[in-house]
Amino acid sequence: MRGLLRKELSGLWSLYRKTLPMIAVLYAVLNLVTRNDFFLYFGVWMMLFYSLSGMSLDESCGWGRYARTLPVNDWQVVGAKFLVSLIYSGGAVLYGVALGVAQRLISGETGYTDLIGGLLAVLVVSMVMVFLMYPMAFRFGLEKARNGFLVVWVAIFGGFMLFGSRLAEWAPLEDVVQSMVFHPFLWAGGALLAAVAVMVLCYVTSVRIYQKKEF
């Protein structure tokens, strides 16, 4: 498992060894200058989607066929990819917390609750989006999974734009929003647990799909 993890990390680093340091510096400067946490939130989303790129490398070099000859099982091969996504997202969250705290200390601002809550919210949404893509990527390939998932999310956001005003007036939804305002960490923790449940379900599904693949 350690070797699989090193393979995933080294492959991604070969792709982004020049890009990631520049992005880290750029986002740090933008965050400190604009005092806007958007760049920290976007970094979490971006890192999770970057972690998917390892599948493109596998498809281009025939890794799946070679992996069948190694003394590892399918659960480990797939698990290494999920673990790398968690490592990338965890690193992005820690980076966001460190940079957000530094920006507030320098500027004399507060709002640490908003920072942590925002990072957790983006982490949860990004985790659900990326981990749902893994089964589709193993089944149809990464590019088809990206295109298909884009259509689904455009439809979801389009629905919110069309019916958002009606939903905003729905009394139960107003109660939920108020509860989220008064108990942000409780809701964030629950959402994170739900995202972990989605991850586990997608992991099991991905392994089942991978076991049936013929290379």
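What comes next concerns the included structure. Small disclaimer: the values here were computed from a predicted structure and weren't measured. (Residues numbered from 1 in each chain as written. Predicted model: local features only at pLDDT ≥ 70, side-chain atom pairs only at ≥ 80, totals over all residues. Heavy atoms only, no water.)

### Things to note about the packing of aromatic side chains
Moving on, step 1. Under the definition given, this model contains 14 aromatic pairs.
Moving on, step 2. Judged by centre distance (5.9 Å) and plane angle (50°), the ring pair of tyrosine 27 and phenylalanine 39 falls under tilted. Remark: phenylalanine 39 occurs in helix α3 (residues 38–50) and tyrosine 27 occurs in helix α2 (residues 19–34); sequence separation between them is 12 residues. Per residue, the accessibility class of tyrosine 27 equals that of phenylalanine 39, and both read buried.
Moving on, step 3. Taken together, the aromatic side chains of Trp75, Phe82, Phe131, Tyr134, Phe138, Tyr203 and Tyr210 make up a single cluster linked through ring pairs. (Phe/Tyr/Trp six-rings, centres within 6.5 Å; stacked < 30°, edge-to-face > 60°. Helix = DSSP H or I, 4+ residues; strand = E, 2+ residues; numbered from the N terminus. Buried < 20%, exposed > 50% of the residue type's maximum accessible area, 1.4 Å probe, protein only.)

### A look at the nonpolar core
Moving on, step 1. Tyr50 and Tyr134 are the most contacted members of the largest nonpolar core, which totals 52 residues.
Moving on, step 2. No other element matches helix α7 (residues 112–140), which puts 13 residues into this core. (Core = buried A, V, L, I, M, F, W, Y, C linked by side-chain atoms within 4.5 Å.)

### Examining the pattern of salt bridges
Where charged atoms from two side chains of opposite charge come close, those side chains can pair.
Moving on, step 1. Applying the stated rule across the entire model yields six salt bridges.
Moving on, step 2. For glutamate 8, the salt bridge goes to lysine 81, with nearest N and O atoms at 2.9 Å. With glutamate 8 in helix α1 (residues 2–16) and lysine 81 in helix α6 (residues 74–107), this residue pair connects regions lying 73 residues apart in the sequence. Both residues of the pair, glutamate 8 and lysine 81, belong to the buried class.
Moving on, step 3. In this structure, the salt-bridge partner of aspartate 37 is arginine 104, at a minimum N-O distance of 2.5 Å. With aspartate 37 in the loop between α2 and α3 and arginine 104 in helix α6, the pair connects residues that are 67 residues apart, well separated along the chain. Exposure class is identical for aspartate 37 and arginine 104. Each is buried.
Moving on, step 4. If you follow the salt bridges from partner to partner, you end up with Lys7, Glu8, Asp58 and Lys81 in one network. (Salt bridge = Lys/Arg side-chain N within 4 Å of Asp/Glu carboxyl O.)

### Some thoughts on helix α4 (residues 54–61)
In an α-helix, one turn spans 3.6 residues, which is why side chains three or four residues apart end up on the same side.
Moving on, step 1. Burial in α4 covers these residues: Gly54, Met55 and Asp58. Taken down its axis, α4 places every buried residue within 100° of arc, on the same side.
Moving on, step 2. Residue glycine 62 follows α4 closely and has a positive phi angle near 70°. (Arc of directions from axis to C-beta.)

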